[in-house]
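Chain residues, written in single-letter form:
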Amino acid sequence: MFASASGSASAAAVEAIPYKRIIKTRVGRTCVDYDLASWTRLMQQPRRDWSAEASGIPLSAVRVAALECCREFLRRGSDDSGLGEATNEDFLRRLWAVHTDGSLTNAGALLFVLRPDPALDYIRRLAPGGDSLLRVRNPEVSVLEQLREVELAFRSSNTIAHVPAGLATAQIPALPFRAFRQSVVNRLAHRSWTLAEATIVEHVGSTVTVTSPGGLPAGVTPENIITHPSLPPNRRLAEILAKLRMAEREGIGIDRIVGDMLAQGHDLPVISEEAGPMVRVALLGGDPDAEWLALLSRLRPADAVANLDYLLLLKTVLTVGWLDAASATKPLQKSAPECLHALRGLSAVAIDTEPVLTQVKGIPVGSPPAWRPSRALRRATPKATKVLQAPRNRANVARMWANARGRVSSNELADLVQTQANFAGRVLKDLQEEGELRGSSDSGMGRGFHYIPVIRPQG
């Protein structure tokens with residue numbers, strides 16, 4: 001009934017969706033405004049789920065090798081559903097890869113049937129501009145078979161970093177495998193299949209970039225992609241990949257990528273939308289931050305490491321020196337009330353027995369609270385906090401605080417950079433002389449005296 005590895009089938013046609021110019025629409029009970037670019041992307045997406053529609057391709061075109069890939073993926077994913085033990089036809093039906101008319105859905109045809117053009121193009125180089133050491137670009141097989149070959153190529157090329165861990169040495173991959181898989185699978189599930197171009201996977205040194213045709217869904221940007229509701233244009237395709245344990249359940253794929261990179265001491269992934277349109281995901285691997293890994297190992301409760309909000313807040317507070325609800329909205333991509341809740345939760349997390357965050361002192365009564373690295377966090381991360389507390393950085397901290405909070409006092413700055421109030425006052429006085437701050441009173445002294453940022457005219 002099923003095709004051998006040499007079987008073939010034609011690709012299914014994709015219905016074109018006409019463009020309509022509009023910038024306001026109703027979603028449920030809410031009237032939503034879109035800019036023209038977002039609305040254009042929205043109208044370019046299929047109004048129906050193309051991947052769930054009938055392909056007209058019979059089950060006999062399914063490649064046995066693709067089915068074996070599925071069972072292998074399920075075994076590696078610790079499948080407990082019994083799906084891997086089903087007969088071939090039942091297996092496909094339980095995956096929702098079969099349409100009610102008896103043919104494969106477009107998603108099923110895409111994953112299990114021979115594809116004349118490569119869907120993935122993996123290139124391995126040791127350095128930018130270097131010769132290609134390995135290339136996996138295999139047409140005439142199914143997408144699942146191509147995915148397996150790319151994963152094997154990545155595993156064989158992913159180097160190991162040796163990180164000191166007390167008296168021992170920990171071995172950590174240059175890039176976490178799950179973050180790599182999620183980046184590739186996510187782009188396969190969300191890309192435009194109306195375009196023939198392959199999804200490009202470039203593995204250069206310890207960095208992987210995944211570039212796929214098609215833009216982000218309407219309303220989704222790199223600035224809100226972590227928390228924006230999932231809008232897969234190919235919903236049935238995404239569901240099948242999730243059932244195969246290839247993709248995370250809906251809505252947390254990007255979270256997993258970000259969390260895995262941070263948990264292994266790597267930088268945040270870089271996600272961008274480029275002309276084409278195309279979406280590009282860059283995973284920046286290499287030697288992990290040993291100081292950061294040691295910090296995570298000491299957090300209590302231990303499951304705090306699994307909280308993505310906590311990891312993002314910790315990374316940010318060690319970079320900028322302080323956080324409040326308003327400033328946390330950008331790294332968390334959440335509302336200020338949600339960020340305040342997360343900050344309060346993180347302030348209850350400890351390094352061994354001491355809290356990781358301390359409320360900033362000197363804030364006027366009634367003003368929103370803010371937090372800075374605690375003494376325990378500073379001791380645990382001397383390299384990071386040494387930069388924050390360096391004399392040359394105090395003026396930057398003062399500027400950021402004043403601009404964000406609308407004021408800054410010597411007591412606030414002294415607590416932020418852990419110095420004495422008279423030294424902090426000298427920094428603020430210098431900024432006043434440079435025209436960046438002005439005093440709250442002409443006397444320049446007295447109870448409650450503080451500085452206010454000077455708003456300079458534009459242009």
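Parameters at a glance
- For every chain, the first residue of the written sequence is number 1, and numbering continues from 1 along that sequence.
- Local features in this predicted model are restricted to residues whose pLDDT is 70 or higher, and side-chain atom pairs enter the listing and the counts only when it is 80 or higher, whereas totals over whole chains, interfaces and linings include all residues.
- Think of the side-chain values as coming from all heavy atoms in the structure, minus any hydrogens and water.
- Strands are runs of DSSP state E lasting at least 2 residues, helices are runs of H or I lasting at least 4, and numbering of each runs from the N terminus.
- Summary of the burial criterion: residues with accessible area below 20% of their type's maximum are buried, those above 50% are exposed, and those between are partly exposed, where the area comes from a 1.4 Å probe applied to protein chains only.
- By definition in these notes, contact holds between two residues if any of their heavy atoms fall within 4.5 Å.
- Should DSSP find at least two bridges between two strands, the strands are regarded as paired.
- Scored from 0 to 100, pLDDT reflects the predictor's confidence in each residue.
- To form a nonpolar core, buried Ala, Val, Leu, Ile, Met, Phe, Trp, Tyr and Cys residues must be joined to one another through side-chain atoms within 4.5 Å.
- Patch definition: residues with relative accessible area over 30% and no salt bridge; like charges joined within 9 Å; nonpolar side chains (Val, Leu, Ile, Met, Phe, Trp, Tyr) joined within 5 Å.
- We get accessible surface area from the Shrake-Rupley algorithm with a probe of 1.4 Å; when it comes to residues, only the shown protein chains can shield them.
- For this document, the term salt bridge refers to a Lys or Arg side-chain nitrogen within 4 Å of an Asp or Glu carboxyl oxygen.
- A pair of aromatic rings is counted whenever rings of Phe, Tyr or Trp (Trp by its six-membered ring) have centres within 6.5 Å, and the orientation is called stacked for planes under 30 degrees apart, edge-to-face for over 60 and tilted otherwise.
- Note on criteria: charge over ring means Lys NZ or Arg CZ within 6 Å of the ring centre, with the direction from the centre no more than 35 degrees off the ring normal.

A. Inspection of the overall build of the chain at higher detail. Each helix and strand counted, the chain has 17 helices and 18 strands in total. Among the 459 residues that make up the chain, the fraction classed as buried is 48%. Counting contacts in the chain only where the partners sit at least 6 residues apart, residues at least 24 apart contribute 64% of the total.

B. Region of the structure containing the pairing of strand E10 (residues 278-284). Pairing of strand E8 (residues 207-213) with E10 involves 7 bridges; the strand directions are antiparallel. For Ser212, the partnering residue across the bridge sits in E10 and is Val279. Where strand E9 (residues 270-274) lies against E10, 5 bridges are found, and the strand directions are antiparallel. Within the sheet, the bridge partner assigned to Ser272 lies in E10 and is Arg280. Counting the residues that bridge the hairpin from E9 to E10 gives 3 residues, and of these Gly276 lies at a positive phi of roughly 150°.

C. A look at the sheet that holds strand E14 (residues 354-355). Spatial strand order, E11-E13-E14: 3 strands in an open sheet with antiparallel pairing. Each end of this open sheet is capped by a strand with a single partner; those strands are strand E11 (299-300) and E14. Examined bridge by bridge, E11 and strand E13 (residues 350-351) share 2 bridges and lie antiparallel to one another. Paired with Leu299 across the two strands is Ile351, which belongs to E13.

D. Main features of the confidence of the model for the chain. Counting all residues, the mean pLDDT for the chain is 87, and 87% of those residues have values of 70 or more. Ignoring residues within four places in sequence, the model shows residues 6-32, a span with pLDDT below 50, making 42 contacts including any to other chains.

E. How the structure looks around the nonpolar core. Grouped together as the largest cluster of nonpolar side chains are 96 residues, with contacts concentrated most on Phe91, Leu92, Phe112 and Leu244. When residues of this core are assigned to their parent elements, the largest contribution, 8 residues, is made by helix H10 (residues 308-320). By size, the runner-up hydrophobic cluster in this structure holds 21 residues, among which are Ile363, Ala398, Leu413 and Ala414.

F. A nonpolar patch on the surface, seen in detail. Judged by side-chain polarity, Leu126, Leu133 and Leu134 come together as a nonpolar surface patch covering roughly 290 Å² of accessible area. By the element assignment, Leu134 lies in strand E4 (residues 134-136).

G. Just the packing of aromatic side chains, in detail. For the coordinates displayed, the defined rule picks out 4 aromatic pairs. Residues Phe154 and Phe180 carry aromatic rings whose centres are separated by 3.8 Å and whose planes lie at 5° to one another, so their mutual orientation is stacked. Here the residue Phe154 occupies a position in helix H5 (residues 143-157), and Phe180 occupies one in helix H6 (residues 177-190), the gap between them amounting to 26 residues. This pair shows no difference in class: Phe154 is buried, exactly as Phe180 is. Between Trp322 and Trp401, the aromatic rings sit 4.8 Å apart at their centres with planes inclined by 75°, giving edge-to-face as the arrangement. Taken together, the residues Trp322 in the loop between H10 and strand E12 (323-324) and Trp401 in helix H15 (residues 391-405) connect sequence positions 79 residues apart. Here Trp322 falls in the buried class, since its relative accessible area comes to 3%. A connected cluster of aromatic rings, assembled from ring pairs, spans Phe154, Phe177 and Phe180. It is Arg155 that lies over the ring of Phe177; its NZ or CZ is 3.7 Å from the centre.

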